[in-house]
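# Summary of the model geometry
The residues making up each chain are set out below.
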Amino acid sequence: MLAILGAGFSGISTAETEAGKQLLSLRLVPEEVTLWGVQARQQFLVLGTYADGLERDVTLRSRVSISDPAVATVGEGARVLALADGRAVLKAELEGKVAKANVRIEDSQDERPFSFARDIGAILTKRGCNGSECHGAVKGKGGFKLSLNGRSPQDDQRWIVEGQRYHGLVPSSEPKNPRVNTQEPEKSLLLLKPTLSVSHGGGKRFGVGSSDYQTILNWVRGGALYGEERGQRGGEIDFIEVFPKEAVLELAGKQQLLVTARLTNGWREDITEHVRYVSNNPEVVEVTAEGVVKGVRRGETVVIIRAAGHAVSARLGVIDRPILDYPDVPRGNLIDDSIFSKLRRFHIIPSALSSDTEFLRRVCLDLTGTLPPPERVREFLASKEPRKREKLIEILLASPEYVDYWTFQFADFFRVMWSNASAYREWIRESIAQNKPYDQMARERVSAQGVNGPARHYFKRTGEVLLPEDTMIEDIRVFMGLRMDCAQCHNHPYEVWTQDQFWQMAAFYGRVSRVRDVGMIFDDPAGHGERREPRVIHPRTHEEAQPRFLDGALLPESEQADPTMRLAAWVASPDNPYFAKVIVNRMWAYFLGRGLVDPVDDFRSTNPPSHPGLLQALAGDFEEHGYDLKHLIRLIVQSRTYQLSAEGNETNKDDEINYSRALPRRLEAEILLDAISRVTDVEEKFVIHHYVGGGMELPGTRAIHLVPESSPAHFLDVYGRPPLRETIPVRERQANLAQALHMLAGPTYTSKISKAEGRLDRLLKDDASDQQMIEEFYLAALSRFPSDRERAELETAIRRQPSRRKAMEALVWGLIASREFTYNH
């Protein structure tokens, strides 16, 4: 075990490898299934669990048979074809192990009712015809438009039959070119182009006489109608599932994916052959059109599976070799259960627990945005109290610095600006200080009525008129993690959101009026203040948009007097599947360096969470505890996952997404400046911009107290503070040349160190020894004592310098310019 955990890990012996290949058990998936209709099919998987801990797809190596060949037959790859009504048992055998599954067949002679959405939509999706790079693009391609991934089947049927092209805000003036010919069905462009019978920019998609060709030909011969479902057996797809949702492969290992549709009538149907598979990273795993995944390179990625109007993903990890003697890692709470279970499945060993010095510096920066003073570092490191970490967390959560720091963080993504700062920031501060439930904060912020603090959010720049669509875009991104910007002018080019949904959501803000003279915000049906028109007009239909929630529910007319109140109630309710997950994900990213969904406000089907079960569990726990932010923070920082060391091992040194070690995080500009001021013990003096009144900020003002526009600071600009908060700020954390120059010659790094009455000046005047000063600055900057080697080398270097002061200034500069200081790790 020590060899695996240490840097000297050299692999697994041949004997261990052979032992790991021993088959322990076998199972069939699904274990039970009901097939219905003519030629109903079901793909089965045979999975073997081995001594090395891996579960491998052994379908092609197994002998698979059916107990009653008159009921069903078994084809290549364990694919069962229904023949007659009845029951049978499917049996798989491999290396002396046996697995069984029950098969039931009903209505085997009944034709399945036709469905355009399911039957034609499946072909267009499987062949990529309605993808964002082809006819599913915003403007379509080659004069032909389809809805993205078949999400609007009625539009697709109309566009195919009529040949109409959709252009978003402006209807197309181009001549229509129908894609079907009901008089001569074989001459339909919908058949000629994908078979390359005529020129087709998308290349060949299927052949003449293929099953796809025949399905489309029969549909055209029948009049190319949209059609209606008939009877219970013809249910539409409600949602789709994939098995396995998560799997681990060896290099060159293979896994067949199994995709099942859940129908609106409650039935299940195997659609493995009728969906489109796309690997998000083909350098890690490749996937065939049939859904067979192959491990290419060590790493982790997802495969996106698209059915007509639906999408799901499977997460695949690829490993070099399994770890046979996996260590038993202690677990503290639900976070550790999820994180460490996945690490075990993916054969990644987490780092050891962080040292007290690592933990102390990390948690102080994360909870309060400040460094612990040297005397507190000494006290914490000397303490033998077994629960000192838990006690420290509680002390920090109850501190005024906690309130200051989290006011700063919320002011950032809630967008406190100089034009709204006074009351708005104070509302945030009071909310943090009171530990106000986050759902209450969200309702107050979205409804924003009257002259109170959150209503100041609407007061942006002088002379700016409120636009409902802009307000909606921001609120939906902050509280639901959705980026709906692209749906403003057309259906979203990559997601399910339509242009109609965009304007229906914007309509909730149509009556928000701002009366500047009295500073009031309110929902006014008559339209006063800056917005004289209380209606939101859909730019394509030129009709008034009616407020409708994203789940499809229309706001009743009786409740439209206060639409933002109703929207706020819905946004912050358990009925909204995004609300709790989004804030949990954002808070997780603050502490772990990366969101479970990353970026934190980009929830979409092609960006699934790295740990979906954990995200769901955290959101559920957050709801159960009354949306208590301190409870959530406590849960995260008390976990062993959060407290892991940043020091990697051979199995996790390349891991960036599974939280197997602490990820070093560059300090935000404001935190870095405050930290330098704290180490040097020299307060920063901030100026106030002339257009806010000019002058200087009050003594004791920290960088995190500032509003960017009202308090200019070159250091903060150089180190990535967003200059404005007109939109949700995105911080630049990459090092750059300006930072390097500032570090060498900027006053923050030069004059602060040597300032009179600063920490260094006082120590020199007190005639502190070299050892004392080295220790003091290590504790102040890095929250640790210098190592024996560091101490000896520094004392020698200081003695060699002609000026003791200059030598000490160089020491302090080296510490605050180091990566260890500028990162939280």
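Everything quoted here is computed from the prediction, not taken from an experiment.

Let's shift gears to the overall build of the protein chain. Within the protein chain one finds 28 helices and 24 strands. In terms of overall dimensions, the protein chain is globule-like: its C-alpha atoms have a radius of gyration of 31 Å, near the 28 Å expected for 825 residues. With respect to the principal axes defined by its C-alpha atoms, the protein chain has extents near 100 × 80 × 50 Å. Across the 825 residues in the protein chain, those meeting the buried criterion constitute 54%.

Spatial ordering of the open sheet is given by β2-β10-β9-β6, a layout of four strands whose pairing is mixed. Strands at the two margins of the open sheet, each flanked by one partner only, are β2 (32-36) and β6 (63-66). Averaged over all adjacent pairs, the angle separating strand axes in this sheet is 25°, with direction ignored. Of the pairings in the sheet, the one linking β6 to strand β9 (residues 86-94) comprises four bridges and is antiparallel in character. Residue pairing across strands places serine 65 opposite lysine 91, the latter belonging to β9.

Along the chain, glutamine 43 turns up in strand β3 (residues 41-43). Placed 97 residues apart in sequence, glutamine 43 and glycine 140 show a C-alpha to C-alpha distance of 34 Å. A distance of 2.5 Å separates a polar atom in the side chain of glutamine 43 from the backbone oxygen of glycine 77. Looking at glutamine 43, its side chain comes within polar contact range of the side chain of arginine 79, at 3.1 Å.

Looking at the second largest pocket, its volume works out to about 1500 Å³. What lines the second largest pocket is a set of 48 residues, among which Arg41, Arg112, Glu269, Asp270 and His274 lie closest to the centre. Secondary-structure elements contributing two or more residues to the lining of the second largest pocket are β2, β3, α3 (116-126), α6 (211-221), β11 (237-243), β14 (258-263) and β15 (268-270). Counted by class, the lining of the second largest pocket contains 19 nonpolar, twelve polar and 17 charged residues.

As a further point, take helix α19 (residues 629-638). The buried fraction of α19 amounts to eight of the ten residues, a majority that puts the element mostly inside the structure. Along α19, the residues that are buried comprise Leu629, Lys630, His631, Leu632, Ile633, Leu635, Ile636 and Val637. If you check the start of α19, you find a side-chain oxygen 2.9 Å away from the backbone N of lysine 630, and it comes from aspartate 628.

A sheet is described by the order of its strands in space; here three strands give the open sequence β13-β18-β17, paired in antiparallel fashion. Each end of this open sheet is capped by a strand with a single partner; those strands are β13 (254-256) and β17 (285-287). Within the sheet, the average angular offset between the axes of one strand and its neighbour, ignoring direction, is 20°. With three bridges joining them, β17 and strand β18 (residues 292-295) adopt antiparallel strand pairing. When the bridges of β18 are listed, valine 287 appears paired with valine 293.

Within the largest apolar cluster, 146 residues are counted, with the highest numbers of intra-cluster contacts made by Phe410, Phe414, Tyr438, Trp588, Phe591 and Phe821. If sequence neighbours within four positions are ignored, phenylalanine 821 has contacts with Arg361, Leu371, Leu667, Leu672, Ala675, Ile676, Val679, Ala781, Leu782, Leu815 and Ile816.

For β9 and strand β10 (residues 97-106), the ladder comprises nine bridges, and the chain directions are antiparallel. Looking across to β10, one finds that arginine 87 is bridged to arginine 104. Where β9 folds back on β10, the antiparallel hairpin that results is connected by two residues, among which glutamate 95 adopts a positive phi of roughly 50°.

All right, on to empty space enclosed by the protein then. Using the criterion set out here, one finds five cavities of 30 Å³ or more in the structure. Approximately 160 Å³ is the volume found for the largest cavity. In this structure, the largest cavity is lined by 17 residues; those nearest its centre are Cys129, His135, Leu190, Pro194 and His200. Class assignment of the residues belonging to the lining of the largest cavity gives a composition of ten nonpolar, three polar and four charged.

It is worth spelling out the confidence of the model for the protein chain at this point. For the protein chain, mean pLDDT is 90; residues scoring 70 or higher make up 91% of the total. Residue range residues 1-17 is modelled with pLDDT below 50. Its contacts to residues more than four positions away, or to other chains, number 24 contacts.

Take helix α10 (residues 388-397) next. Among all positions of α10, only Lys388, Arg389, Leu392, Ile393, Leu396 and Leu397 are buried. Against the buried residues of α10 lie α8 (356-368), α9 (374-382), α11 (400-413) and α19.

Right, let's talk about unusual backbone geometry for a bit. For the bond from valine 29 to proline 30, the omega torsion is 0°, close enough to zero to count as cis. Following the sequence through the fold, proline 30 ends up in the loop between β1 (23-29) and β2. Along the chain, phenylalanine 243 connects to proline 244 via a cis peptide bond; the corresponding omega equals -5°. Note that proline 244 resides in the loop between β11 and β12 (246-250).

The next thing to look at is the side chain of glutamate 469. With respect to the helices, strands and loops of the structure, glutamate 469 is situated in helix α14 (residues 468-480). Among residues more than four places away in sequence, those in contact with glutamate 469 are Gln488, Phe502, Trp503 and Ala506.

Once that is clear, we can look at the pairing of strand β20 (residues 310-319). A large share of β20 lies buried, amounting to seven of its ten residues. The pairing of β12 with β20 spans five bridges and is classified as parallel. Among the inter-strand pairings, valine 248 is bridged to a residue of β20, identified as glycine 317. Here strand β19 (residues 299-307) runs beside β20; their pairing, made up of nine bridges, is antiparallel. Bridged to threonine 301 within β20 is leucine 316. Between β19 and β20, which follow one another and run antiparallel, lie two residues, and glycine 309 among them has a positive phi close to 80°.

Quick notes on the rules
- Counting starts from 1 at the beginning of each chain's written sequence and moves along it residue by residue.
- Local features are withheld for residues below a pLDDT of 70 in this predicted model, meaning they are given only at 70 or higher, and side-chain atom pairs are given and counted only at 80 or more; totals for whole chains, interfaces and linings count all residues.
- Processing note: side-chain calculations cover all non-hydrogen atoms of the structure and skip hydrogens and water entirely.
- Helix numbers and strand numbers start at the N terminus; a helix is a DSSP run of H or I with at least 4 residues, a strand a run of E with at least 2.
- Radius of gyration: over C-alpha atoms. The globule rule applied is 2.2 Å multiplied by the number of residues raised to the 0.38 power.
- For each residue, the accessible area found with a 1.4 Å probe, counting protein chains only, is set against the maximum for its type, and the residue is called buried under 20%, exposed over 50%, and partly exposed in between.
- Only strands joined by at least two bridges in the DSSP assignment are considered to pair.
- Note on geometry: axes are lines fitted to C-alpha atoms, helical ones only across the stretch in contact, with angles between N-to-C directions running from 0 to 180 degrees.
- As used in this structure description, the phrase polar contact means that two N or O atoms lie within 3.5 Å; if the pair is within protein, one of them must be able to donate a hydrogen and the other to accept it, and residues adjacent in sequence are counted only when both atoms belong to side chains.
- Using only the protein atoms, space was sampled on a 1 Å grid; points where a 1.4 Å probe fits but cannot get out form cavities, open sets with protein on both sides within 12 Å along at least five of seven lines form pockets, and lining residues are those with an atom within 4 Å of a point.
- Grid points are joined across faces, edges and corners, and a volume is the space filled by probe spheres set on the points.
- Side-chain classes follow a simple rule in which Ala, Val, Leu, Ile, Met, Phe, Trp, Tyr, Cys and Pro form the nonpolar group, Asp, Glu, Lys and Arg form the charged group, and the remainder, Gly included, forms the polar group.
- We call a set of buried Ala, Val, Leu, Ile, Met, Phe, Trp, Tyr and Cys residues a nonpolar core when their side-chain atoms join them within 4.5 Å.
- Any two residues whose heavy atoms approach within 4.5 Å at even a single point are treated as in contact.
- Each residue carries a pLDDT score, the predictor's own confidence in it, on a scale running from 0 to 100.

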